Number of protein chains: 2
Amino acid sequence: MPRRIDAEARTEAIAEASLRVLERDGLAGLSVRGVAAEAGIAAASLRRAFATQHALREYCLQLIEDRVTARVAALELTGRALVDELLLQLLPLDKERRMELVAQVQLGVLSLTDSELRPAAIRLSDAVDRACGAAIQILTEAGQFSRGRDPQYEAQRLRALLDGIAMHGLWSGELPDASPMLSMLARHLDELAGP
Amino acid sequence: MPRRIDAEARTEAIAEASLRVLERDGLAGLSVRGVAAEAGIAAASLRRAFATQHALREYCLQLIEDRVTARVAALELTGRALVDELLLQLLPLDKERRMELVAQVQLGVLSLTDSELRPAAIRLSDAVDRACGAAIQILTEAGQFSRGRDPQYEAQRLRALLDGIAMHGLWSGELPDASPMLSMLARHLDELAGP
DNA sequence: TCCTTATTAGTACGAGTGTACTCATAAAAT
DNA sequence: ATTTTATGAGTACACTCGTACTAATAAGGA
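Residues numbered from 1 in each chain as written. Chains lettered and ligands numbered in written order. Predicted model: local features only at pLDDT ≥ 70, side-chain atom pairs only at ≥ 80, totals over all residues. Heavy atoms only, no water.

Let us now look at the packing of aromatic side chains. Under the definition given, this model contains two aromatic pairs over all chains. Both rings, one in A:Phe50 and one in A:Tyr59, keep their centres 5.5 Å apart while their planes meet at 55°; by these two values the pair is tilted. Judged by relative accessible area, A:Phe50 falls into the buried class, the value being 5%. In this structure, A:Arg187 packs its charged tip against the face of B:Tyr153, placed 4.0 Å from the ring centre. (Phe/Tyr/Trp six-rings, centres within 6.5 Å; stacked < 30°, edge-to-face > 60°. Buried < 20%, exposed > 50% of the residue type's maximum accessible area, 1.4 Å probe, protein only. Lys NZ or Arg CZ within 6 Å of the ring centre and 35° of its normal.)

Below you can see the structure in the form of C-alpha coordinates.
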(Lines give C-alpha, C1' and ligand atoms only; values in the text may rest on other atoms or scores of the structure.)
Protein backbone atom coordinates (compact mmCIF):
# COMPACT_ATOMS: atom_id res chain seq x y z
CA MET A 1 0.00 0.00 0.00
CA PRO A 2 1.87 3.02 1.19
CA ARG A 3 5.34 4.23 0.71
CA ARG A 4 7.01 2.46 3.58
CA ILE A 5 9.49 4.31 5.71
CA ASP A 6 11.80 3.17 8.46
CA ALA A 7 10.42 5.52 11.04
CA GLU A 8 12.84 4.39 13.70
CA ALA A 9 15.90 5.11 11.59
CA ARG A 10 14.44 8.51 10.73
CA THR A 11 13.87 9.56 14.29
CA GLU A 12 17.28 8.31 15.27
CA ALA A 13 18.96 10.19 12.44
CA ILE A 14 17.14 13.35 13.49
CA ALA A 15 18.17 12.91 17.10
CA GLU A 16 21.77 12.36 16.05
CA ALA A 17 21.65 15.57 14.06
CA SER A 18 20.28 17.24 17.19
CA LEU A 19 23.28 16.09 19.19
CA ARG A 20 25.61 17.57 16.60
CA VAL A 21 23.69 20.84 16.71
CA LEU A 22 23.73 20.87 20.50
CA GLU A 23 27.49 20.50 20.60
CA ARG A 24 28.14 23.05 17.86
CA ASP A 25 25.54 25.73 18.62
CA GLY A 26 24.16 24.87 22.03
CA LEU A 27 20.57 24.97 23.15
CA ALA A 28 19.88 28.14 21.18
CA GLY A 29 20.55 26.23 17.96
CA LEU A 30 18.20 23.37 18.71
CA SER A 31 15.38 24.73 16.55
CA VAL A 32 13.13 22.99 14.10
CA ARG A 33 14.72 24.62 11.10
CA GLY A 34 18.25 24.24 12.44
CA VAL A 35 18.00 20.54 13.19
CA ALA A 36 16.20 19.84 9.93
CA ALA A 37 18.99 21.53 8.01
CA GLU A 38 21.62 19.55 9.92
CA ALA A 39 19.73 16.31 9.24
CA GLY A 40 19.33 17.25 5.58
CA ILE A 41 15.55 17.00 5.58
CA ALA A 42 12.63 19.36 5.30
CA ALA A 43 11.33 21.01 8.44
CA ALA A 44 7.91 19.53 7.79
CA SER A 45 9.41 16.03 7.78
CA LEU A 46 11.01 16.64 11.13
CA ARG A 47 7.69 17.84 12.41
CA ARG A 48 6.14 14.56 11.30
CA ALA A 49 8.66 12.54 13.31
CA PHE A 50 8.52 14.82 16.35
CA ALA A 51 5.27 16.66 16.78
CA THR A 52 6.68 19.08 19.36
CA GLN A 53 10.01 20.43 20.45
CA HIS A 54 9.58 18.69 23.75
CA ALA A 55 9.30 15.30 22.05
CA LEU A 56 12.55 15.94 20.20
CA ARG A 57 14.43 17.00 23.31
CA GLU A 58 13.10 14.04 25.23
CA TYR A 59 14.16 11.61 22.55
CA CYS A 60 17.65 13.10 22.47
CA LEU A 61 18.12 12.18 26.12
CA GLN A 62 16.74 8.73 25.38
CA LEU A 63 19.15 8.28 22.48
CA ILE A 64 22.11 9.22 24.62
CA GLU A 65 21.08 6.68 27.22
CA ASP A 66 20.60 4.02 24.57
CA ARG A 67 23.95 4.66 22.97
CA VAL A 68 25.90 4.56 26.22
CA THR A 69 24.00 1.47 27.34
CA ALA A 70 24.75 -0.26 24.06
CA ARG A 71 28.46 0.52 24.28
CA VAL A 72 28.63 -0.77 27.83
CA ALA A 73 26.74 -3.94 26.95
CA ALA A 74 29.18 -4.62 24.13
CA LEU A 75 32.19 -4.72 26.45
CA GLU A 76 33.73 -8.17 26.62
CA LEU A 77 35.82 -7.76 29.71
CA THR A 78 35.76 -8.73 33.35
CA GLY A 79 36.92 -7.37 36.69
CA ARG A 80 38.85 -4.16 36.94
CA ALA A 81 39.37 -3.91 33.19
CA LEU A 82 35.61 -3.96 32.71
CA VAL A 83 35.13 -1.29 35.34
CA ASP A 84 37.72 0.90 33.67
CA GLU A 85 36.13 0.64 30.25
CA LEU A 86 32.65 0.98 31.72
CA LEU A 87 33.40 4.27 33.40
CA LEU A 88 35.35 5.53 30.40
CA GLN A 89 32.13 5.42 28.41
CA LEU A 90 30.96 8.34 30.52
CA LEU A 91 33.95 10.61 29.96
CA PRO A 92 34.56 12.92 26.96
CA LEU A 93 37.49 10.95 25.61
CA ASP A 94 36.65 11.13 21.92
CA LYS A 95 34.46 13.16 19.63
CA GLU A 96 31.41 10.94 19.98
CA ARG A 97 31.50 10.76 23.76
CA ARG A 98 32.18 14.45 24.03
CA MET A 99 29.22 15.20 21.80
CA GLU A 100 26.96 13.02 23.92
CA LEU A 101 28.15 14.61 27.12
CA VAL A 102 27.74 18.16 25.87
CA ALA A 103 24.24 17.37 24.67
CA GLN A 104 23.42 15.65 27.92
CA VAL A 105 24.59 18.60 29.96
CA GLN A 106 22.76 21.11 27.80
CA LEU A 107 19.49 19.24 28.02
CA GLY A 108 20.06 18.43 31.67
CA VAL A 109 20.51 22.08 32.53
CA LEU A 110 17.41 22.90 30.51
CA SER A 111 15.51 20.32 32.54
CA LEU A 112 16.30 22.34 35.67
CA THR A 113 13.76 24.91 34.54
CA ASP A 114 11.66 22.78 32.18
CA SER A 115 9.62 20.44 34.32
CA GLU A 116 8.40 18.52 31.30
CA LEU A 117 11.95 17.44 30.53
CA ARG A 118 12.93 16.52 34.07
CA PRO A 119 11.68 12.91 34.03
CA ALA A 120 13.79 12.08 31.00
CA ALA A 121 16.84 13.75 32.53
CA ILE A 122 16.33 11.89 35.78
CA ARG A 123 16.02 8.62 33.89
CA LEU A 124 19.41 9.18 32.33
CA SER A 125 20.92 10.21 35.63
CA ASP A 126 19.58 7.10 37.31
CA ALA A 127 21.16 4.95 34.62
CA VAL A 128 24.55 6.46 35.45
CA ASP A 129 23.89 5.80 39.12
CA ARG A 130 23.21 2.16 38.37
CA ALA A 131 26.39 1.93 36.33
CA CYS A 132 28.44 3.23 39.25
CA GLY A 133 26.77 0.77 41.58
CA ALA A 134 27.51 -2.03 39.17
CA ALA A 135 31.13 -0.92 38.96
CA ILE A 136 31.53 -1.23 42.71
CA GLN A 137 29.92 -4.62 42.69
CA ILE A 138 32.20 -5.87 39.93
CA LEU A 139 35.20 -4.68 41.90
CA THR A 140 33.88 -6.47 44.96
CA GLU A 141 33.42 -9.73 43.09
CA ALA A 142 36.90 -9.37 41.67
CA GLY A 143 38.32 -8.91 45.13
CA GLN A 144 39.47 -5.40 44.33
CA PHE A 145 37.16 -3.68 46.77
CA SER A 146 38.28 -3.53 50.38
CA ARG A 147 35.94 -5.26 52.80
CA GLY A 148 36.35 -2.34 55.16
CA ARG A 149 34.62 0.04 52.78
CA ASP A 150 30.94 0.94 52.44
CA PRO A 151 29.75 -0.08 48.95
CA GLN A 152 26.82 2.32 48.88
CA TYR A 153 28.91 5.31 49.92
CA GLU A 154 31.66 4.42 47.47
CA ALA A 155 29.15 4.08 44.63
CA GLN A 156 27.83 7.56 45.33
CA ARG A 157 31.28 8.99 45.69
CA LEU A 158 32.34 7.36 42.44
CA ARG A 159 29.33 8.89 40.74
CA ALA A 160 30.14 12.35 42.02
CA LEU A 161 33.79 12.00 41.09
CA LEU A 162 32.90 10.77 37.62
CA ASP A 163 30.58 13.73 37.03
CA GLY A 164 33.20 16.14 38.27
CA ILE A 165 35.91 14.67 36.07
CA ALA A 166 33.59 14.74 33.06
CA MET A 167 32.67 18.39 33.68
CA HIS A 168 36.28 19.38 33.99
CA GLY A 169 37.01 17.52 30.77
CA LEU A 170 34.29 19.43 28.96
CA TRP A 171 35.75 22.74 29.99
CA SER A 172 39.37 22.05 29.17
CA GLY A 173 39.22 22.44 25.43
CA GLU A 174 37.69 20.86 22.39
CA LEU A 175 39.23 17.44 22.90
CA PRO A 176 40.85 17.37 26.30
CA ASP A 177 43.95 15.37 27.00
CA ALA A 178 42.74 11.98 28.11
CA SER A 179 45.52 11.09 30.52
CA PRO A 180 44.63 13.37 33.46
CA MET A 181 41.10 12.07 33.52
CA LEU A 182 42.22 8.48 33.16
CA SER A 183 44.91 8.66 35.80
CA MET A 184 42.65 10.31 38.36
CA LEU A 185 39.98 7.70 37.86
CA ALA A 186 42.50 4.84 37.98
CA ARG A 187 44.09 6.22 41.11
CA HIS A 188 40.75 6.46 42.83
CA LEU A 189 39.83 2.89 41.86
CA ASP A 190 43.22 1.67 43.08
CA GLU A 191 42.50 3.23 46.43
CA LEU A 192 39.21 1.38 46.74
CA ALA A 193 41.10 -1.93 46.83
CA GLY A 194 43.08 -0.83 49.87
CA PRO A 195 41.79 -0.31 53.40
CA MET B 1 25.62 69.01 38.58
CA PRO B 2 23.79 66.03 37.21
CA ARG B 3 21.38 63.68 38.74
CA ARG B 4 23.78 61.34 40.47
CA ILE B 5 23.30 57.64 40.33
CA ASP B 6 25.08 54.81 42.09
CA ALA B 7 26.03 52.99 38.95
CA GLU B 8 27.66 50.14 40.82
CA ALA B 9 24.61 49.39 42.91
CA ARG B 10 22.49 49.54 39.76
CA THR B 11 24.53 47.04 37.85
CA GLU B 12 24.69 44.77 40.85
CA ALA B 13 20.93 44.93 41.38
CA ILE B 14 20.41 44.07 37.73
CA ALA B 15 22.80 41.14 37.93
CA GLU B 16 21.03 39.88 41.04
CA ALA B 17 17.74 40.04 39.21
CA SER B 18 19.41 38.10 36.43
CA LEU B 19 20.37 35.33 38.83
CA ARG B 20 16.80 35.08 40.02
CA VAL B 21 15.57 34.89 36.44
CA LEU B 22 18.17 32.27 35.58
CA GLU B 23 17.05 30.04 38.41
CA ARG B 24 13.34 30.50 37.75
CA ASP B 25 13.20 30.52 33.95
CA GLY B 26 16.63 29.38 32.80
CA LEU B 27 18.70 30.76 29.99
CA ALA B 28 15.64 31.27 27.80
CA GLY B 29 14.31 33.80 30.31
CA LEU B 30 17.47 35.87 30.45
CA SER B 31 16.21 38.53 28.05
CA VAL B 32 16.44 42.27 28.21
CA ARG B 33 12.74 42.67 28.87
CA GLY B 34 12.57 39.78 31.32
CA VAL B 35 15.46 40.91 33.48
CA ALA B 36 14.30 44.52 33.43
CA ALA B 37 10.87 43.45 34.66
CA GLU B 38 12.43 41.32 37.41
CA ALA B 39 14.65 44.23 38.46
CA GLY B 40 11.69 46.61 38.35
CA ILE B 41 13.27 49.02 35.90
CA ALA B 42 12.72 50.01 32.31
CA ALA B 43 14.37 48.02 29.57
CA ALA B 44 16.13 51.14 28.33
CA SER B 45 17.70 51.63 31.76
CA LEU B 46 19.05 48.11 31.73
CA ARG B 47 20.45 48.81 28.32
CA ARG B 48 22.28 51.83 29.73
CA ALA B 49 23.94 49.72 32.42
CA PHE B 50 24.74 46.82 30.09
CA ALA B 51 25.13 47.81 26.46
CA THR B 52 24.92 44.22 25.22
CA GLN B 53 23.59 40.88 26.37
CA HIS B 54 27.12 39.60 26.52
CA ALA B 55 28.11 42.26 29.03
CA LEU B 56 25.20 41.29 31.24
CA ARG B 57 26.01 37.59 31.14
CA GLU B 58 29.66 38.26 31.80
CA TYR B 59 28.88 40.40 34.81
CA CYS B 60 26.60 37.72 36.21
CA LEU B 61 29.52 35.31 36.36
CA GLN B 62 31.64 38.02 37.92
CA LEU B 63 29.00 38.70 40.56
CA ILE B 64 28.79 35.04 41.49
CA GLU B 65 32.54 34.90 41.92
CA ASP B 66 32.51 38.06 44.01
CA ARG B 67 29.75 36.84 46.27
CA VAL B 68 31.33 33.46 46.94
CA THR B 69 34.71 35.05 47.49
CA ALA B 70 33.21 37.53 49.94
CA ARG B 71 31.50 34.80 51.91
CA VAL B 72 34.68 32.77 52.11
CA ALA B 73 36.73 35.77 53.18
CA ALA B 74 34.27 36.48 55.97
CA LEU B 75 34.80 33.08 57.60
CA GLU B 76 36.43 33.37 60.99
CA LEU B 77 37.53 29.80 61.46
CA THR B 78 40.68 27.72 61.25
CA GLY B 79 41.70 24.19 60.38
CA ARG B 80 39.19 21.57 59.46
CA ALA B 81 36.22 23.73 60.49
CA LEU B 82 37.36 26.39 58.04
CA VAL B 83 37.72 23.83 55.28
CA ASP B 84 34.23 22.53 55.96
CA GLU B 85 32.64 25.94 55.79
CA LEU B 86 34.77 26.95 52.83
CA LEU B 87 33.61 24.04 50.71
CA LEU B 88 30.04 24.41 51.87
CA GLN B 89 29.95 27.79 50.18
CA LEU B 90 30.06 25.91 46.88
CA LEU B 91 27.15 23.57 47.54
CA PRO B 92 23.43 24.34 47.06
CA LEU B 93 22.57 24.25 50.75
CA ASP B 94 20.24 27.22 50.88
CA LYS B 95 18.24 29.34 48.49
CA GLU B 96 21.00 31.82 47.82
CA ARG B 97 23.70 29.27 47.14
CA ARG B 98 21.36 27.20 45.02
CA MET B 99 20.47 30.24 42.96
CA GLU B 100 24.14 31.05 42.41
CA LEU B 101 24.93 27.50 41.42
CA VAL B 102 22.04 27.20 38.99
CA ALA B 103 23.00 30.49 37.38
CA GLN B 104 26.65 29.46 37.24
CA VAL B 105 25.81 26.16 35.57
CA GLN B 106 23.45 27.78 33.08
CA LEU B 107 25.99 30.37 32.04
CA GLY B 108 28.80 27.84 32.16
CA VAL B 109 26.98 25.55 29.77
CA LEU B 110 26.25 28.50 27.53
CA SER B 111 29.95 29.30 27.51
CA LEU B 112 30.59 25.88 25.97
CA THR B 113 29.20 27.20 22.70
CA ASP B 114 29.66 30.95 23.23
CA SER B 115 33.36 31.64 22.94
CA GLU B 116 32.90 35.23 24.11
CA LEU B 117 31.69 34.00 27.47
CA ARG B 118 34.33 31.33 27.98
CA PRO B 119 36.99 33.55 29.59
CA ALA B 120 34.59 34.66 32.32
CA ALA B 121 33.48 31.07 32.94
CA ILE B 122 37.07 29.89 33.13
CA ARG B 123 37.88 32.68 35.58
CA LEU B 124 35.17 31.43 37.89
CA SER B 125 36.25 27.84 37.49
CA ASP B 126 39.84 28.73 38.31
CA ALA B 127 38.69 30.44 41.49
CA VAL B 128 37.06 27.21 42.61
CA ASP B 129 40.26 25.35 41.78
CA ARG B 130 42.22 27.71 43.97
CA ALA B 131 39.74 27.24 46.79
CA CYS B 132 40.19 23.48 46.65
CA GLY B 133 43.96 23.86 46.65
CA ALA B 134 43.71 26.16 49.64
CA ALA B 135 41.51 23.65 51.43
CA ILE B 136 44.14 20.94 51.06
CA GLN B 137 46.83 23.29 52.29
CA ILE B 138 44.82 24.27 55.35
CA LEU B 139 44.31 20.62 56.16
CA THR B 140 48.03 20.03 55.78
CA GLU B 141 48.91 22.88 58.12
CA ALA B 142 46.38 21.57 60.61
CA GLY B 143 47.95 18.14 60.50
CA GLN B 144 44.81 16.61 59.06
CA PHE B 145 46.33 15.69 55.73
CA SER B 146 48.29 12.45 55.60
CA ARG B 147 51.92 12.91 54.61
CA GLY B 148 51.58 9.89 52.35
CA ARG B 149 49.15 11.67 50.05
CA ASP B 150 49.76 13.81 46.98
CA PRO B 151 48.45 17.33 47.65
CA GLN B 152 48.03 18.23 44.00
CA TYR B 153 46.12 15.07 43.15
CA GLU B 154 43.92 15.41 46.22
CA ALA B 155 43.14 19.02 45.36
CA GLN B 156 41.98 18.00 41.90
CA ARG B 157 40.04 15.05 43.23
CA LEU B 158 38.39 17.27 45.80
CA ARG B 159 37.42 19.70 43.06
CA ALA B 160 35.87 16.95 40.96
CA LEU B 161 34.06 15.49 43.94
CA LEU B 162 32.75 18.90 44.94
CA ASP B 163 31.41 19.56 41.46
CA GLY B 164 29.78 16.16 41.34
CA ILE B 165 28.14 16.59 44.73
CA ALA B 166 26.89 20.03 43.75
CA MET B 167 25.43 18.75 40.49
CA HIS B 168 23.68 15.93 42.24
CA GLY B 169 22.31 18.41 44.74
CA LEU B 170 20.91 20.59 41.97
CA TRP B 171 19.04 17.67 40.47
CA SER B 172 17.54 16.29 43.63
CA GLY B 173 14.75 18.79 44.12
CA GLU B 174 14.19 22.44 44.83
CA LEU B 175 16.06 22.48 48.11
CA PRO B 176 17.85 19.17 48.52
CA ASP B 177 18.38 17.58 51.87
CA ALA B 178 21.69 18.90 53.11
CA SER B 179 22.86 15.91 55.10
CA PRO B 180 23.82 13.54 52.25
CA MET B 181 26.01 16.18 50.68
CA LEU B 182 27.53 17.14 53.99
CA SER B 183 28.23 13.61 55.13
CA MET B 184 29.84 12.59 51.85
CA LEU B 185 32.11 15.61 51.92
CA ALA B 186 32.98 15.09 55.59
CA ARG B 187 33.70 11.43 55.04
CA HIS B 188 36.02 12.22 52.17
CA LEU B 189 37.87 14.82 54.19
CA ASP B 190 38.19 12.40 57.10
CA GLU B 191 39.82 9.93 54.77
CA LEU B 192 42.42 12.46 53.69
CA ALA B 193 43.80 12.52 57.25
CA GLY B 194 44.46 8.80 57.17
CA PRO B 195 47.09 6.98 55.11
C1' DT C 1 15.69 78.82 39.40
C1' DC C 2 18.22 76.73 35.80
C1' DC C 3 20.73 73.10 33.80
C1' DT C 4 22.39 68.65 33.37
C1' DT C 5 21.59 63.99 33.56
C1' DA C 6 19.03 59.41 34.33
C1' DT C 7 14.93 57.14 33.96
C1' DT C 8 10.88 56.06 31.82
C1' DA C 9 7.54 54.66 28.27
C1' DG C 10 6.93 53.85 23.82
C1' DT C 11 7.99 52.60 19.08
C1' DA C 12 10.43 50.43 15.44
C1' DC C 13 13.22 47.09 12.80
C1' DG C 14 14.90 42.80 11.21
C1' DA C 15 15.45 38.33 12.61
C1' DG C 16 14.32 33.94 14.62
C1' DT C 17 11.00 31.02 17.05
C1' DG C 18 7.16 26.99 17.33
C1' DT C 19 3.39 25.55 15.14
C1' DA C 20 0.20 24.76 11.40
C1' DC C 21 -1.04 24.62 7.00
C1' DT C 22 -1.11 23.66 1.50
C1' DC C 23 0.29 21.34 -2.68
C1' DA C 24 3.00 19.00 -5.87
C1' DT C 25 6.18 15.05 -6.17
C1' DA C 26 8.32 10.70 -5.56
C1' DA C 27 8.14 6.01 -4.16
C1' DA C 28 6.34 1.62 -2.87
C1' DA C 29 2.59 -1.93 -2.49
C1' DT C 30 -1.46 -3.75 -4.71
C1' DA D 1 -1.21 1.19 -13.67
C1' DT D 2 -3.43 2.70 -9.73
C1' DT D 3 -3.58 3.82 -5.14
C1' DT D 4 -1.59 5.15 -0.84
C1' DT D 5 1.60 7.50 1.75
C1' DA D 6 5.78 10.31 3.16
C1' DT D 7 8.49 13.84 1.63
C1' DG D 8 9.77 18.32 0.09
C1' DA D 9 9.24 23.20 -0.47
C1' DG D 10 6.81 26.89 0.62
C1' DT D 11 3.76 30.05 3.21
C1' DA D 12 1.58 31.91 7.14
C1' DC D 13 0.68 33.46 11.97
C1' DA D 14 1.59 35.26 16.28
C1' DC D 15 5.35 35.56 19.19
C1' DT D 16 9.82 36.91 21.28
C1' DC D 17 14.38 38.35 20.63
C1' DG D 18 18.40 42.11 20.63
C1' DT D 19 19.15 46.50 19.43
C1' DA D 20 18.25 51.29 18.51
C1' DC D 21 15.77 55.12 18.65
C1' DT D 22 12.52 59.18 20.39
C1' DA D 23 10.22 62.20 23.63
C1' DA D 24 8.66 63.21 28.15
C1' DT D 25 9.53 63.15 33.05
C1' DA D 26 11.99 63.34 37.37
C1' DA D 27 15.79 64.58 40.29
C1' DG D 28 19.68 66.75 42.14
C1' DG D 29 23.89 70.25 41.91
C1' DA D 30 25.08 75.14 40.45
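That shown, we press on.
The next subject is the nonpolar core. Across soluble globular proteins, you tend to see nonpolar side chains buried next to one another. Within the largest apolar cluster, 126 residues are counted, with the highest numbers of intra-cluster contacts made by A:Leu185 and B:Leu185. With residues up to four places along the chain from it excluded, the contact list for B:Leu185 reads B:Leu87, B:Leu88, B:Leu91, B:Leu158, B:Leu162 and B:Ile165. (Core = buried A, V, L, I, M, F, W, Y, C linked by side-chain atoms within 4.5 Å. Contact = heavy atoms within 4.5 Å.)

Expressed as a screw transformation, the operator carrying chain A onto chain B has a rotation angle of 180° and an axial translation of 0.0 Å, and the superposed copies differ by an RMSD of 0.0 Å. The superposition of one copy onto the other is thereby described by a two-fold rotation axis. Taken together, the interface assignments show that 100% of the residues at the interface of chain A recur at the interface of chain B, consistent with an identical surface on both copies. (Least-squares fit on C-alpha atoms with pLDDT ≥ 70 in both.)

The subject of this paragraph is helix 8 (residues 151–171) of chain B. Residue and element names in this part refer to chain B. With 21 residues, helix 8 should reach 30 Å at 1.5 Å per residue; the first-to-last C-alpha distance of 30 Å fits that figure. With respect to burial, helix 8 is a largely interior element, 17 of its 21 residues being buried. Where helix 8 starts, the residue carrying a side-chain oxygen 3.0 Å from the main-chain nitrogen of Gln-152 turns out to be Asp-150. Following helix 8 by one or two positions, Gly-173 has its phi on the positive side, about 100°. (Helix = DSSP H or I, 4+ residues; strand = E, 2+ residues; numbered from the N terminus. Expected span 1.5 Å × (residues − 1). Polar contact = N/O pair within 3.5 Å; in protein donor to acceptor, adjacent residues only side chain to side chain.)

What follows concerns the interface of chain A and chain B. Bring the parts together and some accessible area is lost; that lost area is often taken as the interface size. The partner chain B presents 33 residues to the 33 residues of chain A that form the contact. With both chains or domains summed, chain A and chain B bury close to 3000 Å², and 62% of this area falls on carbon and sulfur atoms. Applying the counting criterion to the chain A and chain B interface returns six salt bridges. The closest approach of N and O atoms between A:Asp150 and B:Arg187, which form a salt bridge, is 3.3 Å. Scanning the region where chain A abuts chain B turns up twelve residue pairs in polar contact (both at pLDDT 80 or more). Considering only residue class, the side of chain A that touches chain B consists of 13 nonpolar, nine polar and eleven charged. (Buried area = accessible area lost by both parts, 1.4 Å probe. Salt bridge = Lys/Arg side-chain N within 4 Å of Asp/Glu carboxyl O. Nonpolar A, V, L, I, M, F, W, Y, C, P; charged D, E, K, R; others polar.)

This brings us to the pattern of salt bridges. Counted under the stated rule, the structure contains 40 salt bridges over all chains. Between A:Arg71 and A:Glu100 there is a salt bridge whose closest N-O contact spans 3.0 Å. In this pair, A:Arg71 sits in helix 4 (residues 53–73) while A:Glu100 sits in helix 6 (residues 95–113), placing the two residues 29 residues apart along the sequence. Here A:Arg71 matches A:Glu100 in class, with each residue buried. With a closest N to O distance of 3.3 Å, A:Arg157 and B:Glu191 form a salt bridge. On the criterion of chain membership, the pair formed by A:Arg157 in helix 8 (residues 151–171) and B:Glu191 in helix 9 (residues 178–193) is interchain, its members lying in two chains. For B:Glu191, a relative accessible area of 18% corresponds to the buried category.

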